[in-house]
Amino acid sequence: KQEVTQIPAALSVPEGENLVLNCSFTDSAIYNLQWFRQDPGKGLTSLLLIQSSQREQTSGRLNASLDKSSGRSTLYIAASQPGDSATYLCARTSYDKVIFGPGTSLSVIP
Amino acid sequence: SAVISQKPSRDICQRGTSLTIQCQVDSQVTMMFWYRQQPGQSLTLIATANQGSEATYESGFVIDKFPISRPNLTFSTLTVSNLSPEDSSIYLCSVGRIGQSEQYFGPGTRLTVT
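Residues numbered from 1 in each chain as written. Chains lettered and ligands numbered in written order. Predicted model: local features only at pLDDT ≥ 70, side-chain atom pairs only at ≥ 80, totals over all residues. Heavy atoms only, no water.

1. Observations regarding the side chain of B:Ser76
Residue and element names in this part refer to chain B. For clarity, the threshold we go by: Counting from the N terminus, the helices are the DSSP runs of H or I reaching at least four residues and the strands are the DSSP runs of E reaching at least two. In protein, a polar contact requires one atom able to donate a hydrogen and another able to accept it; more generally it is a pair of N or O atoms within 3.5 Å, and residues adjacent in sequence count only if both atoms are side-chain atoms. The contact criterion used throughout is that any non-hydrogen atoms of two residues lie within 4.5 Å.
With respect to the helices and strands, the residue serine 76 is situated in strand β8 (residues 75-80). Among the polar contacts made by the side chain of serine 76, one reaches the side chain of tryptophan 34 at a distance of 3.0 Å. Here the side chain of serine 76 touches serine 69 through a polar contact of 2.8 Å, landing on its backbone oxygen. If we ignore the near neighbours within four places in the chain, the residues touching serine 76 are Ile21, Gln22, Cys23, Met32, Trp34, Ala49, Ile68, Ser69 and Arg70.

Structure follows, in structure tokens:
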């Protein structure tokens, strides 16, 4: 069974801290790994997509890495801001299927 | 990329009624999907909306409860029938294209059943 897990389930940090969110997957034949952000009661915003042939992607203060051999991906957020407070979901994706992790709820305290 | 809109954005419905949610994409896409997100939970795939044929449902979801239409490559509807409070969730549509690995999500429809 293909599964995606995320730790921690929740995280609270003071503003300005760098932080790492972790994602693990059991399917070594991974297609791609996509990180999403979800604000309370809202839809999903795609943050970064790492294709199976890639090792990392960067966008602004965000950096996502992918290690297929260990079945892990990390999302690094630099210099966190209160506006970063949201739930972060990782997902194993292809054009025809998405398997989501349970998410990490991030709270950045001013 | 793809820009996806959903209608309605939210609704409050009475038990026993039905709600139809529309998903519109700004360009033709191969795959369209419907997800449910119950309170405090991650997303669960309901079904894949197939253009011109019956939707493909995931385990635990049936057509009588969640009828889906997809009349063309840019539009789909999901109906949640015979509503109960347990149907209170966010419903999201997403799209994908063959050959592209990214999925794009709509803004979601927040349903509350009273």
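Having seen it, we continue.
2. A closer look at the sheet that holds strand β7 (residues 62-67) of chain A
Residues and elements named next belong to chain A. Threshold: Strands qualify as paired when DSSP identifies two bridges or more between them. Helix axes use the C-alpha atoms of the stretch in contact, all axes being lines fitted to C-alpha atoms, and the angles between their N-to-C directions lie in the range 0 to 180 degrees.
Taken together, 5 strands build an open sheet; the order of strands is β1-β3-β8-β7-β6 and the sheet is antiparallel. This sheet does not close on itself; its edge strands, each paired only once, are β1 (4-7) and β6 (56-59). Going across the sheet, the axis of each strand differs from the next one's by a mean of 15°, ignoring polarity. Sheet topology places β6 next to β7; 4 bridges connect them, and they run antiparallel.

3. Looking at the packing of aromatic side chains
Note the threshold: Within 6.5 Å between ring centres, the rings of Phe, Tyr and Trp (the latter by its six-membered ring) count as paired, and their orientation is classed by plane angle as stacked under 30 degrees, edge-to-face over 60, tilted in between. The cut-offs for exposure are 20% and 50% of the maximum accessible area for each residue type, with area from a 1.4 Å probe on protein chains only; residues under the lower value are buried, those over the upper are exposed, and the others partly exposed.
For the structure shown, the criterion picks out 6 aromatic pairs over all chains. Judged by centre distance (5.6 Å) and plane angle (45°), the ring pair of A:Phe36 and A:Phe100 falls under tilted. With A:Phe36 in strand β4 (residues 32-38) and A:Phe100 in strand β10 (residues 97-100), this pair connects stretches of sequence that are 64 residues apart. For A:Phe100, a relative accessible area of 10% corresponds to the buried category. Taken together, the ring pairs connect A:Phe36, A:Phe100, B:Tyr35 and B:Phe105 into an aromatic cluster.

4. Structural notes on the side chain of A:Arg37
All names here are of chain A. Within the secondary structure layout, arginine 37 lies in strand β4. Using a relative accessible area of 16% as the deciding quantity, one classes arginine 37 as buried. Engagement of the side chain of arginine 37 in a polar contact is seen with the side chain of aspartate 39, the distance being 3.0 Å. Ignoring any residue separated from it by four or fewer positions in sequence, one finds arginine 37 in contact with Gly43, Leu44, Thr45, Leu47, Gly83, Asp84, Ser85, Ala86, Thr87 and Tyr88.

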